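# Structure assessment
Single-letter residue listing:
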Amino acid sequence: MKKSILFALLIFAVLHGFSQSEESENYRIFLKDDWKMQSAVTDATLGNKISQPDFQANDWYKVSVPTTVIAGLIANKVYDFDPFYGRNFEKLADPRLDKPWWFRKEFTLPASEDGKNVVLKLHGINYKANVWLNGVLIADSTQIIGPFRIIELDITKQLKHTGLNVLALEIKRPFNPQKRGGDLAIDYADWIHYPPDFNNGIINNMEVKTYRKVGIEYPLVTTKFDLPSLSVAHLQVDAMVVNYSDKAEDAIVKGKINGDINFEQKVRLMPREKKQITFSPTVYHQLNIKNPHIWWPWEYGKPEMNKIELSLIYGNELSNKIAENFGIRQITSELINNETSRKFIINGKPIMLRGAAWSPDIFQRRSKLREEQELRLVRDMNMNIVRSEGKLEDDYFYELCDKYGLLVMSGWMCCGAWQYPEKWDAAKRNVAMASDSSVMYWLRNKASMLTWLNGSDMPPRDKTVETDWLAIEADLKWPNPTIASANESISKVSGHTGVKMAGPYDWVPPSYWEQDSTKYGGAWSFSTEISPGPSIPPYESLIKFIPKDSLSNNSADWLYHCGTTQFGNTHIFNDALDNRYGKSSNIKEYIAKAQVQNYEGHRAMMEAYGLKKYRSATGVVQWMLGNPWPSIIWHTYDYYLYPAGTYFGMKKSLEPLHVMYSYKSNSVNIINSLLPNFKGLKVKADIYNLDGTKKFTKTVTAEVGGDGTKTCFPIPAIDGLTSTYFLRLELKDAEGKIQSINWYWLSNKNDELNWKKSTWYYTPESSFADFSALQTMPATTVNIHHTTSKTENSTTHKITVTNTGKSVAFFVHIRVLKEKGGDDILPVIFEDNYLLLAPGETRTIDCNYENRYAGESMPYVLVSGWNLDAEHSKIGENAGFEK
């Protein structure tokens, strides 16, 4: 089996990872800009003509890669409409999208590269292509197939070292990736409507590299500690060496770590041979590094990076040199709780993983700026993991995760062609094996990579596929845990997964998460995808993609921007909202109530999993983080990066040192997500009626262990509570600094779940909590002022809000606009938002953003709340109350 796999690797040439820095290469050029794109229907010229310098492509579309066909057409302003507005997406349909499209690029090589071996590396052709260079077909669509493959083509003989070289790819889209027996391409399942080009195009990098007969690539640095000690890191270095010539060659591999740890090894390569070379710390004792710079997830320490450089010397000359950053870290996992829960361990420390599922742009448009914006929001919400299902990103994404100390769970896609390997023919199986090899080479040295999933909704149904994938992963020394699927099904090959996909994906109340402990989506095991359903964007976002005359929660445009199948509406969420908070008289009232329900639902999910960590739960991934297009369901921030109720509920629940209320035990608890112990903590609980009357108060001193939880005290039965009442929790450290303020609105009538009618995507309620009294709660006044400090690149507002009335100020929402009456400044980082304040309470909230997002006018602070008496409240300059 191993021999056949290695032979498949050679045939399918799945080589290269694009994470090396450009300056470290002997010669390397990314073919990024100045491409031309055109439909093969519009221009029927053959490839041998298109790939000649004298071919006229004047009426072709100018694009940069990566790009899909539709992304290229949008960039060229072909459409006179916003495809995201209303149901305009349907207007993108075009019969030409089912036919091949040409991508043409002219390039030159410097004279210094004459006489060297030249290699073209393709990373991400979706779905298959005929590749022409200088009038010659150098690879056809039986060879160039599969978007997750990295394919190497030796173009030495076809290349011109003087004058123009012309590369032309005739790319054909995938068909039926969402169905059994379809193409093994990018699939969206029930997330969104499919783009009509099915992401046809070049979805990752393309490059040209040169070598002197031999080359080196794919460095891997694997760490072993003498746990629990971290004082010495035993590093093993691996890489691939390649002979591009037709005769045996000798070379020397030289390595360097952090500029001062040197090692080298001679290597002999047979003609056209590719093989692994290893530097073991038992032989190369300098690879046993004392006092190493260790990579940690952000909660546990600094995500420190190290640097490895590898050079291949041929005939006393440098053939090529590669350099990568890497993390000194060791990730393992173990099954606990009767093998139902997989606990991940990093550098000897268990870690509770709580985060969300990444979703790229629907047209696969790559943007470093957008990736940085989104991952900063992930980090601001205090998440520590991002899951990527069948949507592999670019190198910059992983570099950012390395930088921010975020872990990444990745793997193959669910539901369509990837899920049914028993339907694959021999060609598809070869694509699947080659794809797995490419991914292992590409991602194996990323510090942020936590685990790889060989399936999503189930283990591979053909067990020989999982067996072969596992053999590839072992042969290529994947250094992290591998799991059969994101689902709880037991693999016939690798056994228990220790993770689950038991729903829900639609609305359930906050009490759900602690009540279920063995069967559904409650706080047990590691839930790889889970959500209390819709996240209704704010009005300011909704009007960007839904016409105002269609702005209702049952309009055709509204439903079009939900998901598909069972998730093509928000009916379950709407029904709960009406029953719990009272029916809304207009869309703005509905939106305001939705933020409250989004906040409490998502907060409770993350809190329950945190509270149960290691006892029954080991991780939870919110489905999803963001959306591929403007959507009404499954996100923590919307497509426009607006942080609303879901976002701040998440951020609150994931505070590193957090105080919370248990809906099940009616108790006050502490969750510590940091490694140090904390002693001398002050935990305070206050209960208020709707009119602001304080009905209960209690303060205790507590301590909590590192990465631990602590139950502090129960809330007793209290007489005289209004139908809806408020619980304010506060946590101070030993120095008296507030670490957490957490408010709950509670009802004397509980949400009751009808467990017998549970489905795979939600559990219905038989009766609802009653928060309708919030609609008529007494008004209160506030005093608001802010100060501003500005640097060359960023601005910070300190916004102080004081409740000067007698009632609780409920869900005070702060926005910062580009100017009075203008758009929100986005993206923006608020320390906290949707505030509750007791009578007399003052909060000061930091708001930070980059100046490039703010425009040139005077920023304007705009405040709203459920029960604010704006007329009798006070507010400072360049600020106002929302009407």
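See above for the structure.
Bear in mind the structure is a predicted one, so any value in this text is a computation, not a measurement. (Residues numbered from 1 in each chain as written. Predicted model: local features only at pLDDT ≥ 70, side-chain atom pairs only at ≥ 80, totals over all residues. Heavy atoms only, no water.)

### Topic: the sheet that holds strand β48 (residues 874-875)
Here we have five strands laid out as an open sheet, ordered β44-β46-β42-β41-β48, and mixed in their pairing. At either margin of the open sheet sits one strand with a lone partner, and together these are β44 (829-830) and β48. Relative to β48, strand β41 (residues 782-790) runs parallel, the two being bridged by two bridges. Each bridged residue has a counterpart across the sheet, and for Ile784 the counterpart in β48 is Ile875. (Pairing = 2+ DSSP bridges. Helix = DSSP H or I, 4+ residues; strand = E, 2+ residues; numbered from the N terminus.)

### Section: the pairing of strand β2 (residues 35-39)
Extensive coverage of β2 is indicated by the burial of four of its five residues. The sheet contact formed by β2 and strand β5 (residues 101-107) spans five bridges and is antiparallel. Its bridge partner being in β5, Lys36 is matched across the sheet by Arg104. Alignment of β2 against strand β3 (residues 61-63), held across three bridges, turns out to be antiparallel. Note that in β3 the partner of Lys36 across the bridge is Lys62. (Buried < 20%, exposed > 50% of the residue type's maximum accessible area, 1.4 Å probe, protein only.)

### With respect to the environment of Ser229
For Ser229, the position within the fold is in the loop between β14 (214-225) and β15 (232-243). Along the chain, Ser229 and Gly348 lie 119 residues apart, while their C-alpha atoms are 8.6 Å from each other. Among the polar contacts listed, one links the side chain of Ser229 to the side chain of Ser231, at a separation of 2.9 Å. (Polar contact = N/O pair within 3.5 Å; in protein donor to acceptor, adjacent residues only side chain to side chain.)

### Looking at the state of the cysteines
All told, the structure shown has one disulfide when counted by the stated rule. Across a sulfur-sulfur distance of 2.0 Å, Cys414 and Cys415 are joined as a disulfide pair. Residues Cys414 and Cys415 share a disulfide whose torsion about the S-S bond is about -85 degrees; that sign makes it left-handed. Note on Cys414: relative accessible area 5%, which makes it buried. A relative accessible area of 32% places Cys415 in the partly exposed class. (Disulfide = S-S within 2.5 Å.)

### With respect to the pattern of salt bridges
Summed over all chains, the structure comprises 44 salt bridges. Residue Asp154 is joined to Arg272 by a salt bridge in which the shortest nitrogen-to-oxygen separation is 2.9 Å. Of this pair, Asp154 sits in strand β10 (residues 150-154) while Arg272 is found in the loop between β17 (261-269) and β18 (274-279), placing the two residues 118 residues apart along the sequence. The class for Arg272 is partly exposed, based on a relative accessible area of 37%. Three or more residues are tied together by salt bridges with common partners; here these are Glu540, Arg815, Asp824 and Glu882. (Salt bridge = Lys/Arg side-chain N within 4 Å of Asp/Glu carboxyl O.)

### Here's the deal with the nonpolar core
Ranked by size, the top nonpolar core spans 252 residues in total, and within it Leu120, Phe726 and Trp745 carry the most contacts. Ranked by residues supplied to this core, first place goes to helix α12 (residues 587-611) with eleven residues. Not counting chain neighbours up to four residues away, the residues in contact with Leu120 comprise Leu31, Val131, Ile138, Ile151, Glu152, Leu153, Ile155, Leu167, Met206, Glu207 and Val208. (Core = buried A, V, L, I, M, F, W, Y, C linked by side-chain atoms within 4.5 Å. Contact = heavy atoms within 4.5 Å.)

### Let's talk about the packing of aromatic side chains
What characterises a pair of aromatic rings is the spacing of the ring centres plus the angle enclosed by the ring planes. Tallied over the full model, the rule gives 60 aromatic pairs. Where Tyr663 meets Tyr744, the ring centres are 6.1 Å apart and the plane angle is 75 degrees; that geometry is what we call edge-to-face. Placement of the pair is Tyr663 in the loop between β32 (657-661) and β33 (667-672) and Tyr744 in strand β38 (residues 738-747), with a sequence separation of 81 residues. Exposure remark for Tyr744: the relative accessible area of 0% places this residue in the buried category. The interplanar angle of 85 degrees and the centroid separation of 5.1 Å between the aromatic rings of Phe810 and Trp866 together place this pair among those described as edge-to-face. (Phe/Tyr/Trp six-rings, centres within 6.5 Å; stacked < 30°, edge-to-face > 60°.)

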